[in-house]
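Residue strings, one per chain:
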Amino acid sequence: MVSVEDSYSNSGRLTRPYYTPPSRTQRPLGRSMRTIRSNIFQSNQTCSFNASVTENSAENLTDSVVDLRLGELACRNIKSLKSTSSEDDFLQLSQAFSDFSACSSDISGELQRLACVPNSQNDNDAGNTNSEIQPEPCQGFLQRETFSTEIIESISPEDLQPTVKICVDGLQSSSVAVKRSAAAKLRLLAKNRSDNRALIGESGAVPALIPLLRCSDPVTQEHAVTALLNLSLHEENKPLISHAGAIKALIYVLKTGTETSKQNAACALLSLALVDDNKISIGACGAIPPLVSLLINGSNRGKKDALTTLYKLCSVKVNKERAVSAGAVKPLVELVSEQGTGLAEKAMVVLSSLAVIEVGKVAMVEEGGIPALVEAIEDGSMKGKEFAVLTLLQLCTDSGRNRGLLVREGAIPPLVALSQSGTARAKHKAETLLGYLREARQEASTSTP
């Protein structure tokens, strides 16, 4: 996920002398994808803040309403906070990615981006801010992300409930600036804590966020799609999101949003696709063609998100057929040759999934898949060689023509080398494929007059 801080320029940051953020407390690690993907998880105090919020109060989401109250709550817990190193945080992030990823330990390339957050800005995010956007009514809360995150980590969901209520009411304001502010705050509140995600889901935020996915203001759209991504990481929120009609709206963002919004929409669809019933619905609603477009035109991070989401969706046969029809095979074959980017191995995993169906095999051969996979066996990583030989085995098991093409491509020497020096699984697959190729050569020699 992309943090709120990345979406704004450092030049607009507000500094406030009245609060010094406490050191970060190490809390149990939460499972996540791009956004959270991190750690945090009380205040025994109760909140005296008036929970009866009117429509007018939602129109005034200012520092005095939100930041000051959060600061008061946080001050009660300062003495109990303990520090932990940023290196440990990033290690925990990496572990969370590894636990959650379907294709690899790096779903979106976000770990490297997060490591640069304190000192650098995401160029794409900074480009989303322009002079035409209405002023942010709660700019202090949004711009001081480190300050706000530290506060949020020290406050229990019960104490945050009135603030969540203000934000949910703000989503229904007639002011675009108020909607943007409310969506940004919910995005931040749901970023790291599972208990906050549950609270926000129960507070009615999901149906109020979905219309903002079609907002013409790109920053508001980004906040809304990222908030939904964060909320979707809580299992009980997945049916709330899918049943509220979010799938079609997320696909709209995938087609029309900024680069960041498209990436987060893809990750939100991936999160929803972890529920089996949603896979067919996501494919039927038309998600696969824009995912293929992101695979072709996106940044490396966008391509990784598209690959991972396609892999999850293509565990269903009808979605495999949709992916082939949408032209996914050609860019996948091209990515096989991009060694060193982390994309080649993911592309081969998706190709292996598509090789299960006949139309997938035909498209792979037509798009030059056999030469690309042979090259991967020669020059790829150990894991890449394993994926490549598995995919070639799928192409050749029932096809004498493909075996012949593989022999003419000069695959036997690298396959022999792999059968001697690869992983145990790669050795076994290489030996099996070599057996098929020997049969093909014997058939060719006996048929020659």
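See above for the structure.
Residues numbered from 1 in each chain as written. Predicted model: local features only at pLDDT ≥ 70, side-chain atom pairs only at ≥ 80, totals over all residues. Heavy atoms only, no water.

Just to check I follow, could you spell out the overall build of the chain for this structure?
Secondary structure assignment for the chain yields 27 helices and zero strands. A total of 449 residues make up the chain; the buried ones form 57% of that total. For the chain, the accessible surface area stands at approximately 18,400 Å², while carbon and sulfur atoms represent 50% of it. (Helix = DSSP H or I, 4+ residues; strand = E, 2+ residues; numbered from the N terminus. Buried < 20%, exposed > 50% of the residue type's maximum accessible area, 1.4 Å probe, protein only. Areas by Shrake-Rupley, 256 points an atom, 1.4 Å probe, with all protein chains shown as cover.)

Could you clarify how one ought to interpret the nonpolar core in this entry?
The nonpolar side chains of a soluble globular protein tend to be buried, and buried together. In terms of nonpolar packing, the biggest core is built from 96 residues, with Leu 209, Leu 332, Leu 354, Leu 392, Leu 406 and Leu 415 touching the most fellow members. Residues within four places of Leu 392 in sequence aside, it is in contact with Ile 370, Leu 373, Val 374, Ile 377, Leu 406 and Leu 433. (Core = buried A, V, L, I, M, F, W, Y, C linked by side-chain atoms within 4.5 Å. Contact = heavy atoms within 4.5 Å.)

Honestly, the environment of Thr 256 in this entry has me stumped. Any pointers?
In this fold, Thr 256 is placed in helix α14 (residues 246–256). Separated by 34 residues in the primary sequence, Thr 256 and Pro 290 have C-alpha atoms spaced 9.4 Å apart. If we ignore the near neighbours within four places in the chain, the residues touching Thr 256 are Gln 221 and Lys 262. At 2.8 Å, the side chain of Thr 256 and the backbone oxygen of Tyr 252 are in polar contact. (Polar contact = N/O pair within 3.5 Å; in protein donor to acceptor, adjacent residues only side chain to side chain.)

Is there a simple way to think about the environment of Leu 231 in this case?
Looking at where Leu 231 falls in the secondary structure, it is placed in helix α12 (residues 218–232). Distance from Leu 231 to Arg 197, taken between C-alpha atoms, is 5.2 Å for residues 34 residues apart in sequence. When neighbours within four sequence positions are excluded, Leu 231 is seen to be in contact with Ala 190, Arg 197, Ile 200, Gly 201, Val 206, Leu 209, Asn 237 and Ile 241.

Is there a simple way to explain the pattern of salt bridges in this structure?
For side chains bearing opposite charge, pairing can occur when the charged atoms are close. As enumerated under the stated definition, the model contains seven salt bridges in all. The partner of Arg 193 in a salt bridge is Asp 195, and the shortest N-O contact between them spans 3.1 Å. Here Arg 193 falls in the buried class, since its relative accessible area comes to 2%. Put simply, Asp 276 and Lys 279 hold a salt bridge, and the shortest N to O gap is 3.0 Å. With Asp 276 and Lys 279 both in helix α16 (residues 276–284) and three residues apart, the pair spans about one turn of that helix. Under the relative-accessibility criterion, Lys 279 is labelled buried at 9%. (Salt bridge = Lys/Arg side-chain N within 4 Å of Asp/Glu carboxyl O.)

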